[in-house]
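Secondary and tertiary structure notes
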Amino acid sequence: MRAQKERVCLHLVDHNELSPIFHGFEDCVCEIIDHRKDEGLYPLAKRTISFSPTEGRGVGSCCTLIASLLRSSAQLTPASLADCAALLEGAILLDTLNLSSANNKTTEEDVAAVRWLEEQQLFNRLSGAKYDEAFWRSLTTEKVLAYDYKQWSVRGTVLGWSVALTPLREVVGREGFEDVLEAFARRRGVDGMVLSSVVLGNPPVREFMVCCTNEEKETFWKGVKAFETEMEKQYGCEREEGLEHLWRTTQPWSRKGIEKEMQSSDTLLVDLNRMESEISSMKRTLVNYQSFSTPAFDSVEEAAGKVQLTEEDGGTTLFHKRRAFLEEEKRNRKKLCTEVSNLTAEKMKQANELTRLKLHVQNTIAEQLTKAEEVEVKERGEA
């Protein structure tokens, strides 16, 4: 293994964390090129990372960063650039939907990179191949689901999400689709599947559909209803006629963005529930000292769901406003935890002092009684 590692120099491109299968090769990472938040791993690696904490994103395509590095390279020649220019520009155009401003991903750096690579006409050819209906029809349903698949857990429910670049009505209308979907989900241990697609047009149409693969269908569909309602409010999704859980919209959204918002809210709710448990525990500890009550936080999640956008919110999204609500609840709980903890410590201090005083009084009385008995015995002896 040591000999192998000495010959390895890993360059991480479009991600900044090694896959678990490369555990033990952390010291071999020599360079990172990525447009996501830097996780701070591998401190000795050279870094080219584009990410703005304020905007929560970097350039639209990691290939923009590669093009920038090539552009600044003193060793670059027109001949060597010709070998990779088409590949780089094709990736940038696909990632940004031909530098569309409607997808909220394209940056000035992406535009500059495409101009430098001078192959804007490439988009139509590559896009045609990526969205080619004949290509998607040639794939089995299993391969369509696995083409671009990810999964994550939200409040104990494991969701799988497949992206297919063909109208979803054609996918779900295939013979035996439900059986294939159920088998696909069962092998991956997921409770439900989200299918989404981007159908090219002017503007592009985004579709999504939720399918339940869990026996606990009633509980799952409650969550689905809430998710569909959020998508309807946030992105103007409209239900497709004839398919109950198929929704469409021309407003831009991405799986990555939805996942981030869901996990962020989920983390906050977990923290809030944990703090509420701590407060309840402290409350029981203080029951012998004083009457104590806390604000009613039993319906935090329900309250967050009632937060709505107003004209004063400007460009704030509903997700961000509800997250701010949960953050405020979290701060209140932290403050309450601190107050209860301080009060508990003070009451314990008072209890300890009271115990000390009681012992002192008992010792003093015992000492006086002993002296009185000695005097009485002495007086009897003299008599």
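Our subject is the structure that appears above.
Residues numbered from 1 in each chain as written. Predicted model: local features only at pLDDT ≥ 70, side-chain atom pairs only at ≥ 80, totals over all residues. Heavy atoms only, no water.

Attention now goes to unusual backbone geometry. Of note in the backbone geometry, Tyr 42 takes a positive phi value of approximately 50° without being a glycine. Summarising the element assignment, Tyr 42 is placed in the loop between β2 (29–34) and β3 (46–49). The phi dihedral of Asn 98 falls on the positive side, at around 60°, and the residue is not glycine. Its place among the elements puts Asn 98 in the loop between α3 (78–95) and α4 (108–117). (Helix = DSSP H or I, 4+ residues; strand = E, 2+ residues; numbered from the N terminus.)

Under the counting rule described, the total for this entry stands at 1 disulfide. A sulfur-sulfur distance of 2.1 Å marks the disulfide that ties Cys 9 to Cys 30. The disulfide joining Cys 9 to Cys 30 has a torsion of about 120° about its S-S bond and is therefore right-handed. Residue Cys 9 is found in the loop between α1 (2–6) and β1 (10–13), and its partner Cys 30 is found in strand β2; the two are separated by 21 residues along the sequence. (Disulfide = S-S within 2.5 Å.)

Pairing is parallel in the open sheet, where 3 strands are placed in the order β1-β2-β3. Each edge of the open sheet is held by one strand with a lone partner, namely β1 and β3. The average angle at which neighbouring strand axes cross in this sheet is 10°, direction not considered. In the sheet, β1 pairs with β2 via 4 bridges, with the strands oriented parallel. Counted as the bridge partner of His 11 is Glu 31 from β2. The strands touched by helix α2 (residues 62–71) within the sheet are β1, β2 and β3, with β2 carrying the most contacts at an inclination of about 115°. (Pairing = 2+ DSSP bridges. Axes fitted to C-alpha atoms, helices over the stretch in contact; angles between N-to-C directions. Contact = heavy atoms within 4.5 Å.)

Bringing the environment of Leu 309 into the picture now. If you trace the backbone, Leu 309 turns up in the loop between α12 (300–305) and α13 (318–382). Overall, the relative accessible area of 39% leaves Leu 309 in the partly exposed class. As for Leu 309 and Lys 321, which are separated by 12 residues in sequence, their C-alpha atoms are 7.5 Å apart. (Buried < 20%, exposed > 50% of the residue type's maximum accessible area, 1.4 Å probe, protein only.)

Below, the discussion takes up the pattern of salt bridges. Summed over the entire model, instances satisfying the criterion amount to 11 salt bridges. Ionic pairing is found between Arg 36 and Asp 34, a salt bridge with its closest N-O pair at 3.1 Å. Its relative accessible area of 29% is what places Arg 36 among the partly exposed residues. The shortest N-O distance in the salt bridge between Glu 182 and Arg 186 comes to 3.8 Å. Remark: Arg 186 and Glu 182 occur in helix α9 (residues 177–188); sequence separation between them is 4 residues, near one turn of the helix. Using a relative accessible area of 42% as the deciding quantity, one classes Glu 182 as partly exposed. Salt bridges sharing common partners tie together Arg 169, Glu 207, Glu 240 and Arg 248. (Salt bridge = Lys/Arg side-chain N within 4 Å of Asp/Glu carboxyl O.)

Another point: the side chain of Ser 50. Mapped onto the secondary structure, Ser 50 falls in the loop between β3 and α2. For Ser 50, a relative accessible area of 16% translates into the label buried. From its side chain, Ser 50 meets the backbone nitrogen of Val 59 in a polar contact 3.1 Å long. Each residue touching Ser 50, except ones within four places of it in the same chain, is listed here: Asp 34, His 35, Arg 36, Gly 58, Val 59 and Leu 65. (Polar contact = N/O pair within 3.5 Å; in protein donor to acceptor, adjacent residues only side chain to side chain.)

What the rule picks out here adds up to 7 aromatic pairs. Between Tyr 149 and Phe 184, the ring centres sit 5.2 Å apart and the planes meet at 90°, which makes this aromatic pair edge-to-face. Of this pair, Tyr 149 sits in strand β4 (residues 149–154) while Phe 184 sits in helix α9, placing them 35 residues apart in sequence. When sorted by exposure, Tyr 149 lands in the same class as Phe 184, which is buried. With 6.4 Å between their ring centres and 10° between their planes, Phe 208 and Trp 247 make a pair best called stacked. Taken together, the positions of Phe 208 in strand β7 (residues 205–212) and Trp 247 in strand β9 (residues 246–249) put the pair 39 residues apart, joining distant regions of the chain. (Phe/Tyr/Trp six-rings, centres within 6.5 Å; stacked < 30°, edge-to-face > 60°.)

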